[in-house]
Amino acid sequence: MKHTAELERIVSRFNGQKNFIDKLTTFLSSNNYLVTAIPPNDDLYSWSQNLFNLLFHFGKIDLSVARVFEGHVNAIKLIKDFGTESQRAFYFNEVSKGKIFGVWNTDAPKNPLKASFTETKMELNGSKIFCSGGYRIDYAIVTYGSSSNRQMAVVPINSRTSVQENYAFWQAMGMENSRSTELTFTNYHIEKNVQLGKPNDYELQPWFSGGSIRFCAAQIGGATSLYEETIEHLRRKGRHENSQQLVRISQMRVEIETGKLWINKAKEVYGNANRYSSPEIVDFSNMMRNVTTTVCEKILMLSTKSIGLPAYMNGHPVEQKLRDLMVYVRQPNPDMVSHNIGLYGVKHTME
């Protein structure tokens, strides 16, 4: 990937700092990475190849970078799929100006986001959690309404007097640089034309589930970095040719190559989606999620077993990578994903 050294310097210099996302956005904008999220009118396969390569390499450098970029990609796809022609033109032009987007769907349990309306305006009140990027995101796709009438809106995050951040919410052991936070909207007024699509479009298949293949590519990138850093640690210690270490390295290598094969298939599915039915895309994404979790968990186990206690020490090259991957790989409802994989197999084997 181009600009790898530049991004690594940003990650190293601003790691853990509040302005990390500002520096990241400047990097993504100045190097034209934000516009790569916009699907072209033709040759979607080549575009998909490039997109998944970026997700993998960003994940390899820093999983928080990959998380923020994947959120931007998700938002642009939602605008592409559900936006009006004028909305697509406006928001894609904003991307070309260096604006970064995100998707914030999860409501605070005791204070869900609600909307009220006048003839021309919409007012938002309530809280969203897991808001990666926080104030540093220029536009966020938020959802509001009941579970049976869920509506998307593209909200500019530029009125901080009406939006309050709560970083105390994010107490996870990893992914600090994603700047995930709770955001509370209070009397936030905005034009009604920011509504995106129809109610419940957000959860339409196949991409409500199918989009998970994007973060899987990033997670496999993170696992790959752990694998490579583990070998480097063993080289420094002169233990890289120890027979037991070689067994663990061989196991890690197989896992990484397995993950890469699934990424290659994901590129093909994402870039040629019209060749697949919606259930096929959802089933593939479920399987890729399952495989990715297995790959990452095995790499986490084998890496720490190979390195031992130093892997958990502050300042060691794998310590933050371990924490970030352990947090990021925990995605919602894995049991249901496995259930649906089995159910799909049973139904289609019987046909």
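You'll find the structure just up there.
These lines cover the structure that appears in this document, whether it is placed above or below. As the structure is a computational prediction, the values presented were derived from the model and not from experiment.

1. Things to note about the pairing of strand S5 (residues 151-156)
Burial within S5 is extensive, with six of its six residues counted as buried. Burial along S5 is two-sided: the face carrying Gln 151, Ala 153 and Val 155 and the face carrying Met 152, Val 154 and Pro 156 are both buried. Sheet topology note: the strand S4 (residues 139-144)/S5 ladder contains six bridges and is antiparallel. Within the sheet, the bridge partner assigned to Thr 143 lies in S5 and is Met 152. Taken together, S4 and the strand that follows it, S5, pair antiparallel across an intervening segment of six residues, in which Gly 145 is found at a positive phi of about 105°. Across two bridges, S5 lies against strand S8 (residues 195-196) in antiparallel orientation. When the sheet's bridge partners are listed, Ala 153 is paired in S8 with Gln 195.

2. What to know about the pattern of salt bridges
Scanning the model with the defined rule gives 18 salt bridges in all. Two residues, Lys 77 and Asp 81, come together in a salt bridge whose shortest N-O distance is 3.1 Å. Highlighted residues: Lys 77 and Asp 81, both in helix H4 (residues 63-82), separated by four residues, approximately one helical turn. The salt bridge partner of Glu 297 is Arg 330, with a shortest N-O separation of 2.9 Å. Here Glu 297 is found in helix H9 (residues 278-307), whereas its partner Arg 330 is found in the loop between helix H10 (319-328) and helix H11 (334-350), with 33 residues between them in sequence. Put simply, Asp 22, Arg 136 and Glu 165 are held in one network by salt bridges that share partners.

3. Focus: the packing of helix H7 (residues 212-237) against H9
Put simply, H7 and H9 touch, their axes get as near as 9 Å, and they point 15° apart. By the angle between their directions, the pair H7 and H9 is classed as roughly parallel. Judged by the sense of rotation from one axis to the other, the crossing of H7 with H9 is left-handed. A breakdown of the residues in the contact of H7 with H9 according to their chemical character gives 15 nonpolar, eight polar and one charged.

4. Quick word on the sheet that holds S5
Within a sheet, adjacent strands bond to each other through the backbone by hydrogen bonds, running parallel or antiparallel. Spatially, the four strands line up as an open sheet ordered S1-S4-S5-S8, and their pairing is mixed. Either end of the sheet is taken by a strand with one partner, and the two such strands are strand S1 (101-104) and S8. Relative to S4, S1 runs parallel, the two being bridged by four bridges. Residue pairing across strands places Val 103 opposite Ile 141, the latter belonging to S4. Packed on one face of the sheet, H4 meets S1, S4, S5 and S8 and runs near 85° to S1.

5. Re the environment of Asp 107
On the secondary structure map, Asp 107 appears in the loop between S1 and strand S2 (114-117). Note: C-alpha distance between Asp 107 and Phe 14 (93 residues apart in sequence) is 29 Å. Among residues more than four places away in sequence, those in contact with Asp 107 are Pro 112, Leu 113, Ser 127, Lys 128, Ile 129, Thr 143 and Arg 150. In terms of polar contacts, Asp 107 uses its side chain to reach the backbone amide nitrogen of Leu 113, at 3.0 Å.

6. Section: the sheet that holds strand S3 (residues 121-128)
Strand order in the open sheet formed by four strands is S2-S3-S7-S6, with antiparallel pairing between adjacent strands. One side of each edge strand has no neighbouring strand; the edge strands of this open sheet are S2 and strand S6 (163-166). Each strand of the sheet is rotated relative to its neighbour by a mean of 10°, with strand direction disregarded. Note: S3 against strand S7 (residues 182-191), seven bridges, orientation antiparallel. Note that in S7 the partner of Lys 128 across the bridge is Leu 183.

Reading guide: rules and limits
Residues numbered from 1 in each chain as written. Predicted model: local features only at pLDDT ≥ 70, side-chain atom pairs only at ≥ 80, totals over all residues. Heavy atoms only, no water. Buried < 20%, exposed > 50% of the residue type's maximum accessible area, 1.4 Å probe, protein only. Helix = DSSP H or I, 4+ residues; strand = E, 2+ residues; numbered from the N terminus. Pairing = 2+ DSSP bridges. Salt bridge = Lys/Arg side-chain N within 4 Å of Asp/Glu carboxyl O. Axes fitted to C-alpha atoms, helices over the stretch in contact; angles between N-to-C directions. Parallel < 35°, antiparallel > 145°, perpendicular 65-115°, else oblique. Left-handed = near helix turned anticlockwise from the far one by under 90°. Nonpolar A, V, L, I, M, F, W, Y, C, P; charged D, E, K, R; others polar. Contact = heavy atoms within 4.5 Å. Polar contact = N/O pair within 3.5 Å; in protein donor to acceptor, adjacent residues only side chain to side chain.

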